[in-house]
Amino acid sequence: MRSAVVTHLAVFLRKRSAVSSMKPVPLVLLITSVLLTTHVPLSTCRPRDVSLMNNQLDDVLLNRAGDDAVSYLVGEKLLQYLQRNLGAQKASGVLHLPHFPTAQLRSPHEDNSLEELTEFSKRNDDPPISIDLTFHLLRNMIEMARIENQREQAELNRKYLDEVGK
Amino acid sequence: MSGTLRAQLCFLLLSVTALRGHARFLDIQENDISPEGLLSLLSSELKRELPEEFVYRRALRCLDMVAVEGQFTFTAERPQLNCAVFFIGEPSDIISIEYDSVNIDCRGGDFVKVFDGWVMKGEKFPSSQDHPLPLYERYSDYCETGVTRPIVRSSQNVAMLFFRLHQSGSSFTVTFRKLINPFPCNVVSQTPEGSFTMIIPQQHRNCSFSIIYPVEIQIGELSLGQHNDLKRSILGCAGSGDFVELLGGNGMDTSKMFPMADLCYSFNGPAQMKVGCDNTVVRMVSSGKFVNRVSFQYRLLGHQELQQMKGNSVEDVCLRA
């Protein structure tokens, strides 16, 4: 596309150098052709179409099927996404099949989370890693770690005092 | 002499006198401290180097929590596929993790990753709104950058290590250190009781103090900006760029928690609030125009108090499993 524009421009410039007087019409034609050819093709835009999004999701799910943590995470996100979309469809009174119209509005928050998930999976080969832990277990672990820290600090203080005392 | 020749000679004389200068140099004896040594003393990590016998060492478990500085080794006796180690320091610390020796098979699917924050059930602390880096930059993989950047620093007092080792016999050793952070932002409290003063010195950022217990918070002093705008307080905190909010919830992510109270004007004198949730957060939003400061204390809510709160409230905002 770009090379076509360049050759077009080269031919035009050669013509221009040959002819001394310029007509505005070829110039206008050139400018419009440049503007039209440099229009960004749709494929490089972020897809607003849900069918494309579903393809990305399938890709993520298939590749990460074996991983416990990520299948939990992806499953949760998928459930939230489907719940929201199905909820919106039910509210409108008509239940559509998964291929949603492109003009459908989605909340920016869930959009971001879904895109974040697929984006992150693509960026690293590994999925976003998480761990399932209850607050109760976390609190106990912190408590044990604090006791260990205090015990070690006391040991260290004792060693320092022994050194000073020598 | 001709005019131009005289001018050229004057110019030459001028340039010669101007380029003459005085040089000073440090006369350092051989057995004195070298400039490299002086510079290395300024690095905070070397300052905290302990002699060998004082370094704390122990083995890591697949699921572990570490709050003490030292050297930790994990050796896989059997394939360990989902392991996580939590690191936590004092509120005014940041975590530094250094890879000492890593003996894993990167190509075989092994990994050792450091996460800047804590992740639990897919929810991360600090949330994306409160952390300066995007999500993918908060994971630091040894297999990708570990050799060139062996030291990873967190932005707050918590960090995590995720690892997966397929072969028995694989191992790695990390040194965990705590460095001082003069303006802590984003803290997980180690204890259900304590006090803290959060200061945001003219920075456009949001900071959260997370207490993973149901607590009663008593705010002693709040200083937001310089002006006491009465108009702002009538409209609520929605329009102001500097405010403090109390959040309660059952997850780690502060952006998914429920607001319990909003404070958008300065005051002196205690204001108390009981939050009966698994995670209580004091969050300060700062526009960057002022120096904002909040001082608060917190204590654990007893079982009876929680029962009383359950009985009094009509709706239970913090649902419990």
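Computed from a predicted model, the values in this text were never measured in an experiment.

Along its length, chain B carries seven helices and 21 strands. Looking at chain B residue by residue over its 321 residues, the buried ones come to 45%. At a minimum sequence separation of 6, the contacts of chain B that also span at least 24 residues come to 76%. For chain B, the accessible surface area stands at approximately 17,200 Å², while carbon and sulfur atoms represent 54% of it.

All names here are of chain B. With the rule as written, the count across this model stands at three disulfides over all chains. Put simply, Cys106 and Cys143 are joined by a disulfide, and their sulfur atoms are 2.0 Å apart. Judged by the torsion about the S-S bond (-90°), the Cys106/Cys143 disulfide is left-handed. Of the two residues, Cys106 sits in the loop between β5 (93–103) and β6 (111–115) while Cys143 sits in helix α5 (residues 142–146), which places them 37 residues apart along the sequence. A residue is classified by how much of its surface remains accessible, and Cys106, at 31% relative accessible area, is partly exposed. Judged by relative accessible area, Cys143 falls into the partly exposed class, the value being 30%.

With that settled, consider the sheet that holds strand β15 (residues 206–211) of chain B. All names here are of chain B. Spatially, β13-β15-β20-β17-β18 is the arrangement adopted by the five strands of the open sheet, whose pairing is mixed. The open sheet is flanked by β13 (187–188) and β18 (258–263), the only strands paired with a single partner. As judged from the five bridges shared by strand β17 (residues 243–249) and β18, these two strands associate in the antiparallel manner. When the bridges of β18 are listed, Leu246 appears paired with Ala261.

So, about the confidence of the model for chain B. All names here are of chain B. Residues at a pLDDT of 70 or more form 83% of chain B, whose mean pLDDT is 85. Predicted confidence is poor over residues 43–47, with pLDDT under 50, and the contacts of this stretch with residues over four places away or in other chains come to seven contacts. Of the two predicted TM-score estimates for the complex, the pTM is 0.64 and the ipTM is 0.79.

Turning our eyes to something else, we now look at the environment of B:Val112. All names here are of chain B. Take Val112: it is sitting in strand β6. Exposure remark for Val112: the relative accessible area of 0% places this residue in the buried category. In contact with Val112, other than residues within four places in its own chain, are Tyr99, Ile104, Ser140, Asp141, Tyr142, Leu161, Phe162, Phe163 and Phe172.

Moving on: the side chain of B:Arg177. Mapped onto the elements, B:Arg177 comes out in strand β12 (residues 171–180). Of note is the side chain of B:Arg177, whose polar atom sits 3.1 Å from the side chain of B:Glu98.

Counting residues at the interface gives 43 residues for chain B and 32 residues for chain A. Counting the surface lost from both chain B and chain A, the interface buries some 3,500 Å², and carbon and sulfur atoms represent 64% of this. Applying the counting criterion to the chain B and chain A interface returns two salt bridges. With a shortest N-O distance of 3.2 Å, A:Arg139 and B:Asp278 are connected by a salt bridge. Our count for the chain B to chain A interface comes out at eight residue pairs in polar contact (both at pLDDT 80 or more). Every element with two or more residues in the side of chain B that touches chain A is listed here: β2 (63–66), β4 (80–88), β6, β7 (118–120), α4 (135–138), β9 (139–141) and β11 (158–165) of chain B.

Calculation criteria
- Residues numbered from 1 in each chain as written.
- Chains lettered and ligands numbered in written order.
- Predicted model: local features only at pLDDT ≥ 70, side-chain atom pairs only at ≥ 80, totals over all residues.
- Heavy atoms only, no water.
- Helix = DSSP H or I, 4+ residues; strand = E, 2+ residues; numbered from the N terminus.
- Buried < 20%, exposed > 50% of the residue type's maximum accessible area, 1.4 Å probe, protein only.
- Contact = heavy atoms within 4.5 Å.
- Areas by Shrake-Rupley, 256 points an atom, 1.4 Å probe, with all protein chains shown as cover.
- Disulfide = S-S within 2.5 Å.
- Pairing = 2+ DSSP bridges.
- pLDDT = per-residue confidence, 0-100.
- Polar contact = N/O pair within 3.5 Å; in protein donor to acceptor, adjacent residues only side chain to side chain.
- Buried area = accessible area lost by both parts, 1.4 Å probe.
- Salt bridge = Lys/Arg side-chain N within 4 Å of Asp/Glu carboxyl O.

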